[in-house]
Amino acid sequence: MRPDGFKVFRNLCFIDGKWMPALDGETIEVTNPATGEALGTAPRCGTKEASLAIAGASRSLAAWRSMTALERGACLHRLHALILENLEELAALLTLEQGKPLAESRDEILQGASYFPWYAEEARRACGQVIPTPARGKRPMTIHQGLGVVGVITPWNFPFAMIPRKAAPALAAGCTVVVKPASQTPYCALALAALAQEAGFPAGVFNVVTGDSSRIGAELTGDPRVRKLSFTGSTEVGKKLMAQCAGTVKRLSLELGGNAPFIVFDDADIEKAVEAALASKFRNAGQTCVSANRILVQNGVYDAFVRRLASKVDGLKPGNGLEPGVILGPLIDSKAVASMEALVADAVACGARVAVGGKRHALGGLFYEPTLLTGVTPSMRVFKEEIFGPVAPVVSFSSEKEAIALANDTNAGLASYVFTRDVGRVWRVSEALEYGMVGVNEVSLAMAEAPFGGFKESGVGREGGHEGLMDYMETKYILMGGIDA
Ligand code: NAP
């Protein structure tokens, strides 16, 4: 299948309300990771095009922020309706460029789209305060205002959903945005721009620029007209962008790498814990920042848990995500496949056992076998690093104290999971985990209504919930005097 005929397909950038190629005509190739087939090209833009987009976003800012939250919200609601209308094409486009199974693509589009109506409404409740005065004749108060132009840089693993998580609160708050999607997956972002245009967003409010990440990134971080950068991606690039933003003291939201512990206590519902571990670890072929990265299992249920998980992992069917019944897509590129090989080799050399999988899949290309490693210890790379692939390492522990120490033994602090039926333990462990999110007997954390984000080196700021709106607003303090007669 090729995307050329799709109504939502665009292979030009959307800058200041116009569809345009890179000024020098350069392009990037986009391929289907499941088949290696060329899907088409996208513009390889750089400094000049990024600057044009920032100028458009800057010019359109005054009119957009002067609209009421209700009026801006109407645009967001129209965009939401158009996404739902075009769900099947968008999902197919996502699977074609990213590889995940079609059912997961549909979920991603629906989940991402849900941020538009949530923030359309939430911005109407961006209330300030009238603060009780400490001095007669004065009235201190606060109002909230959109920050200004926002740069948005997103990764390839959720090419659609990562954009609304940032753009929906930004647009609802009265900001204008310039989006730079990952080069491997530009088409979902361009499709969203096409729908934003159809939804009637004024020119310049929503821009998408594809191409050279370091040159576009340099503009988005260096230009003083951009007041905030919102980035999801690797910790390494996040740190670099943070440093680049220092020159103009930009606000930052960073959603970076994770190393999620998935803790199973002796008293857990083992069937449910196995199903949840499978879903959390193998969704998107493990290429998810909130994936169960280290499965910590208490001694009393270790053997039973591993036996059941092994039989489930063995039953996962890899293949082209467009084919029915496929549960596991390909990895994004050959570097990712090589990385799985290196991580498994290191674990085996250090004493881990391969219970299932452990090598490239017979399908070839970018497919790697769903893999289960047992006897994993903290000295192994699979314990210390974010795996980002279909490799599940299992570690045993004896006490609650040991589980918490193992779980917190990392610089990442994004998602964590606890499986237990002991209510007291739920509180003790949830409070002790140094993570921005804790799933208790549950693994689907992301929702428009709740604040998603990390502690430590997993990032800054929150996406979703009321916090997610405030991350795109300034608080202005106004003091009124001369009130006493
Ligand atoms: P990445 O290499 O950091 O790329 C992410 C985005 O940054 C892409 O758009 C990329 O563009 C761009 N980029 C790369 N270098 C840049 C630079 N010097 N200046 C400006 N932009 C630059 O990360 P990835 O490999 O795509 O994504 C995987 C990582 O993202 C994992 O670590 C994962 O945990 C993390 N992640 C975190 C969350 C979360 O919510 N916390 C969610 C999803 C993923 P090009 O593609 O054009 O190079």
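The following refers to the structure shown. (Residues numbered from 1 in each chain as written. Predicted model: local features only at pLDDT ≥ 70, side-chain atom pairs only at ≥ 80, totals over all residues. Heavy atoms only, no water.)

**As for the sheet that holds strand S15 (residues 371-374)**
Link 1 in the chain: The sheet built from seven strands is open, its strands ordered S14-S15-S16-S13-S12-S18-S19 with mixed pairing. On the outer flanks of this sheet lie strand S14 (353-356) and strand S19 (437-440), each paired with one strand and no other. Strand-to-strand twist across the sheet, computed as the mean angle between neighbouring axes with direction ignored, equals 25 degrees.
Link 2 in the chain: Where strand S18 (residues 415-419) lies against S19, four bridges are found, and the strand directions are parallel. Bridge pairing in S19 links Ser-416 to Val-438.
Link 3 in the chain: In the packing of helix H12 (residues 334-349) onto the sheet, contacts are made with S14, S15 and strand S16 (391-397), and the angle to S15 comes to roughly 25 degrees.
Link 4 in the chain: Of the strands in this sheet, strand S12 (260-264), strand S13 (292-298), S18 and S19 are in contact with helix H15 (residues 423-432), which crosses S19 at around 160 degrees. (Pairing = 2+ DSSP bridges. Helix = DSSP H or I, 4+ residues; strand = E, 2+ residues; numbered from the N terminus. Axes fitted to C-alpha atoms, helices over the stretch in contact; angles between N-to-C directions. Contact = heavy atoms within 4.5 Å.)

**Side note on the environment of Thr-35**
Link 1 in the chain: On the secondary structure map, Thr-35 appears in the loop between strand S3 (27-31) and strand S4 (38-43).
Link 2 in the chain: On the accessibility criterion, Thr-35 (39% relative accessible area) is partly exposed.
Link 3 in the chain: The spacing of Thr-35 and Leu-366 is 331 residues in sequence and 8.6 Å in space, taken between C-alpha atoms. (Buried < 20%, exposed > 50% of the residue type's maximum accessible area, 1.4 Å probe, protein only.)

**Quick look at the pairing of S18**
Link 1 in the chain: Among the five residues of S18, five are classified as buried, and the element is accordingly described as predominantly covered.
Link 2 in the chain: A two-sided burial pattern is seen for S18, the buried positions comprising Ala-415, Tyr-417 and Phe-419 on one face and Ser-416 and Val-418 on the other.
Link 3 in the chain: When S12 meets S18, the two strands line up parallel, connected through three bridges. Residue Phe-262 lies in a different strand from S18, and its bridge partner there is Tyr-417.
Link 4 in the chain: This β-α-β element, S18 to H15 to S19, shows right-handed connectivity. (Right-handed = clockwise from strand over helix to strand, strands pointing away.)

**Observations concerning the packing of aromatic side chains**
Link 1 in the chain: Throughout the structure, instances matching the rule amount to eight aromatic pairs.
Link 2 in the chain: Aromatic rings pair up to connect Phe-262, Tyr-417 and Phe-419 into one cluster.
Link 3 in the chain: Stacked on the ring of Phe-452, the Lys or Arg Arg-165 has its end atom at 4.0 Å from the ring centre.
Link 4 in the chain: When the ring centre of Phe-383 is taken as reference, the NZ or CZ atom of Arg-294 above it lies at 4.7 Å. (Phe/Tyr/Trp six-rings, centres within 6.5 Å; stacked < 30°, edge-to-face > 60°. Lys NZ or Arg CZ within 6 Å of the ring centre and 35° of its normal.)

**Things to note about the nonpolar core**
Link 1 in the chain: In this structure, Phe-262, Ile-263, Val-264, Ile-295, Phe-305, Leu-309 and Tyr-417 are the most contacted members of the largest nonpolar core, which totals 71 residues.
Link 2 in the chain: If you look at the next biggest cluster of nonpolar residues, it comprises 60 residues, including Phe-116, Leu-147, Ala-168 and Ala-170. (Core = buried A, V, L, I, M, F, W, Y, C linked by side-chain atoms within 4.5 Å.)

**Overview of helix H10 (residues 270-282)**
Link 1 in the chain: Its 13 residues give H10 an end-to-end C-alpha distance of 18 Å, which sits within 8% of 18 Å, the value for a rise of 1.5 Å per residue.
Link 2 in the chain: By the burial criterion, the buried members of H10 are Ile-270, Ala-273, Val-274, Ala-276, Ala-277, Leu-278, Ser-280, Lys-281 and Phe-282.
Link 3 in the chain: In this structure, the buried side of H10 is in contact with S12, S13, helix H11 (299-314), S15, S16 and S18.
Link 4 in the chain: Looking at where H10 begins, the residue whose side-chain oxygen comes 3.3 Å from the main-chain nitrogen of Glu-271 is Asp-269.
Link 5 in the chain: Note on H10: the residue one or two positions beyond its end, Asn-284, has a positive phi of about 55 degrees. (Expected span 1.5 Å × (residues − 1). Polar contact = N/O pair within 3.5 Å; in protein donor to acceptor, adjacent residues only side chain to side chain.)

**Section: the sheet that holds strand S22 (residues 473-480)**
Link 1 in the chain: Strand order in the open sheet formed by three strands is S5-S6-S22, and the pairing between neighbours is antiparallel. Edge positions in the open sheet fall to strand S5 (129-130) and S22, since each of these has one partner strand only.
Link 2 in the chain: Of the strand pairs in this sheet, strand S6 (residues 139-146) and S22 are connected by eight bridges, and their pairing is antiparallel. When the bridges of S22 are listed, Pro-140 appears paired with Leu-479.

**Some details on the site of the ligand**
Link 1 in the chain: Near the ligand lie 31 residues; those nearest to it are Thr-154, Ser-183, Ser-234, Cys-289 and Glu-386.
Link 2 in the chain: Within the contact set of the ligand, an oxygen atom lies 3.2 Å away from a side-chain nitrogen or oxygen of Ser-213.
Link 3 in the chain: Separating an oxygen atom of the ligand from a side-chain N or O atom of Glu-386 is a distance of 2.6 Å.
Link 4 in the chain: Considered on its own, the ligand offers 910 Å² of accessible surface; in the complex 87% of this is hidden by protein.
Link 5 in the chain: Looking at the shell around the ligand, the elements that each hand over two or more residues are helix H6 (162-173), helix H8 (213-222), strand S10 (226-232) and helix H9 (235-245). (Near = heavy atom within 4 Å. Areas by Shrake-Rupley, 256 points an atom, 1.4 Å probe, with all protein chains shown as cover.)

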